[in-house]
Amino acid sequence: MALALIIALPFLGIVLPLWLERYGRSACAFGAGLAPLAALVLLLWQRERVFAGEVIVVRQSWLPELGLDLSLRLDGLGFLFGLLILGIGLLVILYARYYLSKQEPTGRFYGYFLLFMGAMLGVVLSENLLLMLMFWELTSLSSFLLIGFWGYRTDARQGARMALTVTGGGGLALLAGILLVGHIVGSFELSAVLAAGDTIRNHALYPLALILVLLGVFTKSAQFPFHFWLPQAMAAPTPVSAFLHSATMVKAGVFLLARLYPALSGSEWWFYLVSLTGLTTLLIGAFMALFQHDLKGLLAYSTISHLGLITLLFGLDSHLGAVAAIFHIINHATFKASLFMAAGIIDHETGTRDMRRVNGMWKYMPHTAALAMVASLAMAGVPLLNGFLSKEMFFAETLEQHLLGSFYWTIPVAATLAGVFSVAYSLRFIHDVFFNGDPIDLPKFPPHEPARYMKIPVEILVLLCLLVGMLPGYTVAPLLAAAVSASLVGNVPEYSLAIWHGFSLPLLMSVVALVGGILIYSLRKFLFRWYEGLPAIDSLLTFDQVIKGVILTSGRLNRLLENGSLQRYLALMLGSVLLTVVVALVPLSELGGSVPRSPVDAYTVLGMAILAVTSALTVVFHRRRIVALMILSGAGLMVALAFARFSAPDLALTQLSVEMVTMILLVLALYFMPDRTPAESSSLRGTRDLVLAGGCGTLVALLAYAVLTRPYDSIASFFLENSLPGGGGTNVVNVILVDFRGFDTLGEISVLAIAAVGIFGLLHGLRLPHPTFDYFGRPWSGDRHPLILAVVSRALLPLALVVSAFIFLRGHNLPGGGFIAGLITAVALILQYVSLGVPWSQERLPFSYHGMAGAGVMIAGLTGLGSWAFGYPFLTSSFGHFHLPLAGEFELATAMLFDLGVFLTVVGATLMILANIGHVSKGEAGQEVL
Amino acid sequence: MEALFAITLGIMVTSGVYLLLRARVFPVVMGLTLISYAVNLFIFSMGRLATGAVAVVGHSERYGDPLPQALVLTAIVIGFAMTAFTVVLALRSMGEVGTDHVDGQEPTE
């Protein structure tokens, strides 16, 4: 509970600064600080349990099907990070109160800030990896909002966009990586993943999973070659840089390295990928930092370099390396956050961060200068400060590895070189800003010390640097021990936090770094001149060009595929379907199955031959539309016969009546369309289509043959056995429709009604020109309602209705039912329209077809609801046998009522469709098509 | 029998797909109709082809599989609704843009 509250508090606290903003900045900052403070107290409450080595895990099931649970975990590592996030976060909240000016939307700033804080706490306290990933993405998003806080500035917008693109892309890779890890382990819970290190490393997918996870880590922690976003993110307000881009968010990547260390490390892949990336980043960061003239730019590259150092330590793949890495995470967070705050104070007081102009600040702000100098020295790794201790451990570790074979010495040499540059840029920070003559042309002059409370956060952090540096055993030791033991799952190596280890090689490396750094700094004028001569790489420009290139390429691809021709899309789609199915069917070794083939008889051969020939002829004659339509109706009738032949009388009846309605529909439509199709397909396109069509046909034929000749097992017996006792009818097909699968049928008649209403809507207000001549120029017959047809159809109507009623009533026990009866009624009624015209028929058939279709769906639905009244589930049917004098015994089932609903819907919908197409003709009044 | 049935289905699908790829609405609708015939037959045949095995209890010694039949029955009716919708959509688009080309404009070349 406490765990969930620690994460939830910052999120809940977002409202406080927004509400308190109206009472001024102090109240606003106070409101912002309340929630993190409470969370910090809660976290410290757990201290003893965590330091005792306990892993506190709470689980709340959320989406168990996806393996996503709301499970949280607090161990030493999470505790350490939680402490950094909340502790430094509170200091930055205090600092930001004085950093932001009165005009700025302080409430919004703190709102974003708390959003980020909650997300970051979520990352470090999640037990479920998917949950962690969700918070991970949230940190990217809130970082975007914070970098872009000054959205009116171009650099802020560009920096925010770049950071989001890079870290968001990395987040996607991480998602894929974590899904793979979850797939390998079978669980997304950290406890399971950490225990499955060997399974993961021995799995074939391990390299892929590792690379994907590392992509997430490297983008987030600004490792080469993804480091470029961090300097651009310096467009953020300095409190944001101090918190997100030095102490916390960029540490999320290395946090993940520490977190997954037992699961992923311990392989050559890990060593080469992580250590070489770290080494490159370390060197490039340290080198570039020296040449930045922007104060924050220097700090940004220095951060990149230190993150590289931490990554390298993890990559060395020794337990002591991990200890040093975690120790350096703590130390870097303290000294770098304080340095950023100092840089912010200088920027705030002088109006610029250009080190070529900001000089001699010692005279104007000695207090700030002293604090910044101590922090810089910690960054340089000077003894008695915390940076020295972890750097010394780092040097010692670089000497221990032998993985590069005879080139093992390159790593310590490169590390020392990076140390040299690190001393040089630290010196530059001190000397250039606080000494080095007088300030040049400052926007604000003279600068002075900032507000008293603005310095308090810096003082606290610098004090920590000193305390840890001088008395590590009494300050940081238990915290470090708990974090290390959590990261390494108990395999804690022997290590010593002593300041003095005697005269050793690491000490020599430190001395070389210090002396070399001073030397390099004294030669800076030459170096700067040399650097100016180098070809400049503008990362923003390059990034823009890459993005533009991507957009251009995707646009080109898009135009290539999407040229506006539906025929082409369809051909592409069918081609893909063919390809997919063929690939899926390749493993099928034998086409025919084991079932003995059934014998062929002459009638079936004849029927099938007619079906095939009519289908083919429809294509041959397709440009003469009316002819093709007649041939097509022949195919439809043969389909009905096929159903009848293969023991499906219900289907045969349905197909027969639907065939009639469809033909009436198509003839009606054809009335408004040209009755010839122009020849316009090139022979190339014709061939392409023929190949595609042939492919599809062959595939269907093979598939059908393969399935039909294989044995099968069906659930039919259930329906056959239960039809009579359970549904009260012998016609199993009908009982399935109205009873077993009644809910499906309800859905289907609803679709039918909706389609009819849609058609009604489409036809509303549509007026099409009335053709007077056919293709050959012959006028249409003037005899609109031939007498014989009119007479016959009028006589047929009552007969048809009786047949329909008969079919309907017997449907439960013999072929028939609501669908078929509905279609027969519809055909009989539409015949009246055809033979006698719309006005005549409408006068005599005063039904609203909308109402009829609606009533049908209603009746069916209410029948279903009715069973609720008797305490049964939806659509439970009941039936009984009744005895009437004269009529004898008969059966009544609620399913019959349901079938009545089906009947009404079918009649209503069909007539709504056909009768409405009947009067869309343009022309003189009364000229109806029907 | 199985081979005969399969070949017929293949011819129906070939004709249907070829018509589906034409440039004018009417052949497309005819193609759709042919394909839906074939698909209905295909789904129906998944319950296997049997003669003299009507699924009415007490009317024969063996019964065909009623489930695909029930599925196909509604499919036929819904298929009609779909065809009608397509046709009316085509009519409407003819009324709006004045052509029955599937792309809504006469080819330029």
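Every chain is numbered independently, its residues counted from 1 as its sequence is written. Numbering of ligands from 1 and lettering of chains from A proceed in the order in which they are written. For a predicted model such as this one, the threshold for reporting local features is a pLDDT of at least 70, and the threshold for listing and counting side-chain atom pairs is 80 or more; totals across whole chains, interfaces and linings nevertheless cover every residue. Remark: hydrogens and water are excluded; side-chain values derive from all non-hydrogen atoms of the structure.

Working definition: helices are DSSP H or I runs of at least four residues, strands are E runs of at least two. Numbering for both runs from the N terminus. When you go through chain A residue by residue, the secondary structure sums to 40 helices and six strands. By definition, residues are in contact when any of their heavy atoms lie within 4.5 Å. Residue pairs at least 24 apart in sequence account for 78% of intrachain contacts in chain A once pairs closer than 6 positions are excluded. Within the structure as shown, chain A displays about 39,300 Å² of accessible surface, and the carbon and sulfur contribution to it stands at 70%. We get accessible surface area from the Shrake-Rupley algorithm with a probe of 1.4 Å; when it comes to residues, only the shown protein chains can shield them.

It is worth spelling out the confidence of the model for chain B at this point. Detailed reading of the predicted coordinates is not advisable wherever pLDDT falls low. All names here are of chain B. pLDDT runs from 0 to 100 and stands for how confident the predictor is about each residue. Chain-level statistics for chain B give a pLDDT mean of 89 and a share of 99% at 70 or above. Per-element confidence in chain B is highest for helix α1 (residues 2–20), whose mean pLDDT is 94, and lowest for helix α3 (residues 66–97), whose mean pLDDT is 90. The ipTM assigned to the predicted complex is 0.95, against a pTM of 0.68.

Note that G79(B) resides in helix α3. Once the C-alpha coordinates of G79(B) and T33(B) are considered, the two residues, 46 residues apart in sequence, prove to be 8.2 Å apart.

So, on to the packing of aromatic side chains. Note on aromatic pairs: each is described by the distance of the centres and the angle between the planes. Residues and elements named next belong to chain A. Two rings belonging to Phe, Tyr or Trp (six-membered ring only in the last case) form a pair when the distance between their centres is within 6.5 Å. Interplanar angles under 30 degrees mark stacking, angles over 60 mark edge-to-face geometry, and anything in between is tilted. In the structure shown here, the tally under the stated rule is 33 aromatic pairs over all chains. On the numbers, 6.0 Å between centres and 50° between planes, the contact of Y261 with F314 is tilted. Of this pair, Y261 sits in helix α15 (residues 261–264) while F314 sits in helix α17 (residues 295–315), and the two are 53 residues apart along the sequence. Each residue is placed in one exposure class: buried if its accessible area under a 1.4 Å probe, protein chains only, is under 20% of its type's maximum, exposed if it is over 50%, and partly exposed if it falls in between. With relative accessibility at 3%, the residue Y261 sits in the buried group. Taking the centre distance of 4.9 Å and the plane angle of 70° together, the rings of F271 and Y272 count as edge-to-face.

For the rest of this paragraph, the subject is unusual backbone geometry. Trans peptide bonds make up most of the peptide bonds, and negative phi angles are found at most residues other than glycine. Residue and element names in this part refer to chain A. Going from F224 to P225, the amide bond is cis rather than trans, its omega being 5°. Following F445, the chain continues to P446 via a peptide bond in cis, the omega torsion being -5°. Inspection of the secondary structure puts P446 in the loop between α21 (410–434) and α22 (452–470). Look at L384: it is not a glycine, yet its phi comes out positive at around 75°. You can see L384 is positioned in the loop between α19 (366–380) and α20 (386–400). With phi around 55°, D441 is a residue other than glycine that occupies positive phi space. Turning to its location among the elements, D441 is positioned in the loop between α21 and α22. The exposed category is assigned to D441, whose relative accessible area is 61%.

All right, on to the pattern of salt bridges then. Salt bridges are identified by distance alone: a Lys or Arg side-chain nitrogen within 4 Å of an Asp or Glu carboxyl oxygen. The final tally for this structure, using the stated rule, is 25 salt bridges over all chains. Here E54(A) ties to R49(A) by a salt bridge, and the two come within 2.9 Å at their closest N and O atoms. The exposure class of E54(A) is partly exposed, given its relative accessible area of 34%. Linking E96(B) and R92(B) is a salt bridge whose minimum nitrogen-to-oxygen distance equals 2.8 Å. Taken together, the positions of E96(B) and R92(B), both in helix α3 and four residues apart, correspond to about one turn of that helix. On the accessibility criterion, E96(B) (53% relative accessible area) is exposed.

On to the interface of chain A and chain B, then. Contact residues are listed per partner, giving 108 residues for chain A and 78 residues for chain B. A simple way to read buried area is as the amount of 1.4 Å-probe accessible surface that goes missing from two parts once joined, with both sides added. Interface area, chain A with chain B, both sides summed: about 8,400 Å², of which 79% is carbon and sulfur. Contact with chain B buries surface across chain A, with F646(A), L708(A) and L762(A) losing the most and accounting together for 9% of the total. Taken together, the links from chain A to chain B amount to two salt bridges. The shortest N-O distance in the salt bridge between D100(B) and R625(A) comes to 3.0 Å. Polar contact is defined as a pair of N or O atoms within 3.5 Å, subject to the rule that within protein one atom must be able to donate a hydrogen and the other to accept it, and that residues adjacent in sequence are counted only when both atoms are side-chain atoms. Where chain A packs against chain B, one counts 22 residue pairs in polar contact (both at pLDDT 80 or more). Ten residue types, Ala, Val, Leu, Ile, Met, Phe, Trp, Tyr, Cys and Pro, are classed as nonpolar, four, Asp, Glu, Lys and Arg, as charged, and the remainder, Gly among them, as polar. A per-class count over the side of chain A that touches chain B returns 69 nonpolar, 29 polar and 10 charged.

We now examine the nonpolar core. In terms of nonpolar packing, the biggest core is built from 195 residues, with W229(A) and F314(A) touching the most fellow members. Per element, the largest residue contribution to this core is 18 residues, and it comes from helix α18 (residues 319–350) of chain A. In this structure, F314(A) is in contact with V254(A), L257(A), A258(A), Y261(A), W270(A), V274(A), A322(A), A325(A) and I326(A), ignoring residues within four places of it in sequence. Within the second largest apolar cluster, 130 residues are counted, among which are L720(A), I749(A), L34(B) and A70(B). Nine residue types can take part in a nonpolar core, namely buried Ala, Val, Leu, Ile, Met, Phe, Trp, Tyr and Cys, and a core is a set of them joined through side-chain atoms within 4.5 Å.

What follows is about helix α35 (residues 742–763) of chain A. Expected span, for any helix, means 1.5 Å times one less than how many residues it has. Its 22 residues place the ends of α35(A) 32 Å apart at the C-alpha level, agreeing with the 32 Å of an ideal helix rising 1.5 Å per residue. Those residues of α35(A) not exposed but buried are G742(A), T745(A), L746(A), I749(A), L752(A), A753(A), A755(A), A756(A), I759(A), L762(A) and L763(A). Of the surrounding elements, those touching the buried residues of α35(A) are α34 (732–740), α37 (818–836), α39 (849–869) and α40 (894–918) of chain A together with α3 of chain B. Among the residues trailing α35(A), G765(A) stands out with phi positive, at a value near 75°.

Time to look at the packing of α34(A) against α3(B). Helix packing for two helices is described by the angle between their axes and how far apart those axes are. The geometry of α34(A) relative to α3(B) is characterised by a closest axis approach of 9 Å and an angle of 60° between their N-to-C directions. As the angle between them shows, α34(A) and α3(B) are arranged oblique. Crossing geometry of α34(A) relative to α3(B) is assigned as right-handed. The residues of α3(B) that touch α34(A), namely those facing V732(A), V733(A), I736(A) and L737(A), are P66(B), L67(B), Q69(B), A70(B), L73(B) and T74(B). Here the residues of the contact of α34(A) with α3(B) sort into eight nonpolar, two polar and no charged. Here an angle of 0 to 180 degrees is reported between the N-to-C directions of two axes, which are lines fitted to C-alpha atoms, with helices fitted over the stretch in contact. Here the word oblique covers every angle except those under 35 degrees (roughly parallel), over 145 (roughly antiparallel) and from 65 to 115 (roughly perpendicular). Crossing handedness is defined as follows: a turn of the near helix away from the far one that is anticlockwise and smaller than a right angle gives a left-handed crossing, while the clockwise case is right-handed.

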